[in-house]
Amino acid sequence: MLPRAKKQFGQHFLTDQHYIDRIITVISPQTTDVMIEIGPGPGALTAPLVERLAHLHAVEIDRDLAAALRARFSPEKLSLYETDVLAFDFAALKSRFRCVGNLPYNISTPFLFHLGEFADELIDATFMLQKEVVDRMVAGPGTPDYGRLSVMLQYRFAMTRLFVVPPSAFTPPPKVDSAIVRMVPLPANRPAADDSTRFAAMVTAGFGQRRKTLGNTLKPFVSAAQISACDIDPARRAETLSVAEFIRLSNCKA
Ligand code: SAM
């Protein structure tokens, strides 16, 4: 029997075997993979992963669910970290790792930013998220979904939306569609900002007032003349800039 879902932990449990099978197929776990699952809950994905892997790591905040997982899977098969994943130090895995999970939707954006800090150690990630969030992650410039999340994640990851999962696949059903996204860190020789803090601040400023021109929103960082010198029209808006153009602007100094 499924445990009662707790709203504060964003609990919607996957119960449709068809989608569980499809997710496991796209994850394609290999016996010796070092893999960590975020929010295993009652174990819809955990059980088939444990079956296929020599060992699985998992982070679960809900102590009732964690106790049930401990009772079901031996510590030889499952290392369970009973903590908030936003505070979890992925470096503790001491290895490059794969990451999977049906994420709690209330923390999805802060979690993606947190995981980004460990991108050098990440092999790949396969997540279920609200479809609306996945659409924003993969959106290109000039489209309505394109924003800070798109630029900050595309700066670091290649991302693909794999398939949509309807509310009926969960108990209780969420109000919105979900989607599976695959994230693969870009190679070390990717285009990069000289100063990643400045880059992030400029992206935030640019999208903070999406309707204003770059000449206006980026004033604290670069003058209109400097923007023009980067071959970018200062009358453009952030939502039209590619990730490469954001990098160029961020690297442009007085
Ligand atoms: N994987 C299960 C499934 O597919 O049925 C559960 C998915 S449910 C959408 C999200 C899970 O993440 C829940 O088990 C919830 O308790 C857990 N969770 C919520 N917030 C968390 C946090 N901050 N850190 C770690 N786990 C969290």
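Please refer to the structure higher up on the page.
Residues numbered from 1 in each chain as written. Predicted model: local features only at pLDDT ≥ 70, side-chain atom pairs only at ≥ 80, totals over all residues. Heavy atoms only, no water.

**A closer look at the packing of aromatic side chains**
Across all of its chains, the model carries nine aromatic pairs by this definition. Ring centres of Y146 and F207 lie 6.0 Å apart, and the angle between their planes is 80°; this geometry places the pair in the edge-to-face category. One end of the pair, Y146, is in the loop between α5 (131-138) and α6 (148-154); the other, F207, is in helix α7 (residues 196-208), with 61 residues separating them in the sequence. Residue classification places Y146 among the buried residues on the basis of a relative accessible area of 0%. Of the aromatic side chains, those joined through ring pairs into one cluster are Y81, F88, F90, F97, F111, F118 and F127. Positioned above the aromatic ring of F163, the side-chain terminus of R22 is 4.0 Å from the ring centre. (Phe/Tyr/Trp six-rings, centres within 6.5 Å; stacked < 30°, edge-to-face > 60°. Helix = DSSP H or I, 4+ residues; strand = E, 2+ residues; numbered from the N terminus. Buried < 20%, exposed > 50% of the residue type's maximum accessible area, 1.4 Å probe, protein only. Lys NZ or Arg CZ within 6 Å of the ring centre and 35° of its normal.)

**A short note on the site of the ligand**
If you check the shell around the ligand, you find 22 residues, and the closest are L14, G39, E60, D84 and N102. In the environment of the ligand, a nitrogen atom lies 2.8 Å from a nitrogen or oxygen atom belonging to the backbone of G39. For the ligand, a nitrogen atom lies 3.4 Å from a polar atom in the backbone of I61. Protein contacts shield 98% of the accessible area of the ligand, which totals 600 Å² for the unbound molecule. (Near = heavy atom within 4 Å. Polar contact = N/O pair within 3.5 Å; in protein donor to acceptor, adjacent residues only side chain to side chain. Areas by Shrake-Rupley, 256 points an atom, 1.4 Å probe, with all protein chains shown as cover.)

**A word on the pattern of salt bridges**
Per the counting criterion, the structure on display carries 14 salt bridges. Between D62 and K6 there is a salt bridge, with its nearest N and O atoms 3.0 Å apart. One end of the pair, D62, is in the loop between β3 (56-59) and α3 (63-72); the other, K6, is in the segment before β1 (13-14), and 56 residues separate them in sequence. Assigned by exposure class, D62 and K6 land together as buried. The salt bridge involving R98 is made with D124; its shortest N-O contact spans 2.8 Å. Note that R98 is positioned in strand β5 (residues 97-102) and D124 in strand β6 (residues 122-130), a separation of 26 residues in sequence. Judged by relative accessible area, which is 8%, R98 ranks as buried. With a relative accessible area of 11%, D124 lands in the buried category. Three or more residues joined by partner-sharing salt bridges are found here, namely D33, R98, D124 and R182. (Salt bridge = Lys/Arg side-chain N within 4 Å of Asp/Glu carboxyl O.)

**What to know about the packing of α7 against helix α10 (residues 243-250)**
Contact geometry of α7 with α10 gives a least axis separation of 9 Å together with a crossing angle of 115°. α10 is crossed by α7, and the crossing has right-handed handedness. Facing α7, whose interface residues are R198, F199, M202, V203 and F207, α10 presents F246, I247, L249 and S250. (Axes fitted to C-alpha atoms, helices over the stretch in contact; angles between N-to-C directions. Left-handed = near helix turned anticlockwise from the far one by under 90°. Contact = heavy atoms within 4.5 Å.)

**Concerning unusual backbone geometry**
Look at the link from T171 to P172: it is a cis peptide, with omega at -10°. Along the polypeptide, P172 turns up in the loop between β8 (170-171) and β9 (178-185). Not every positive phi belongs to a glycine, and K94 is a case in point at roughly 55°. Positive phi, close to 70°, is recorded for D231, a residue that is not glycine.

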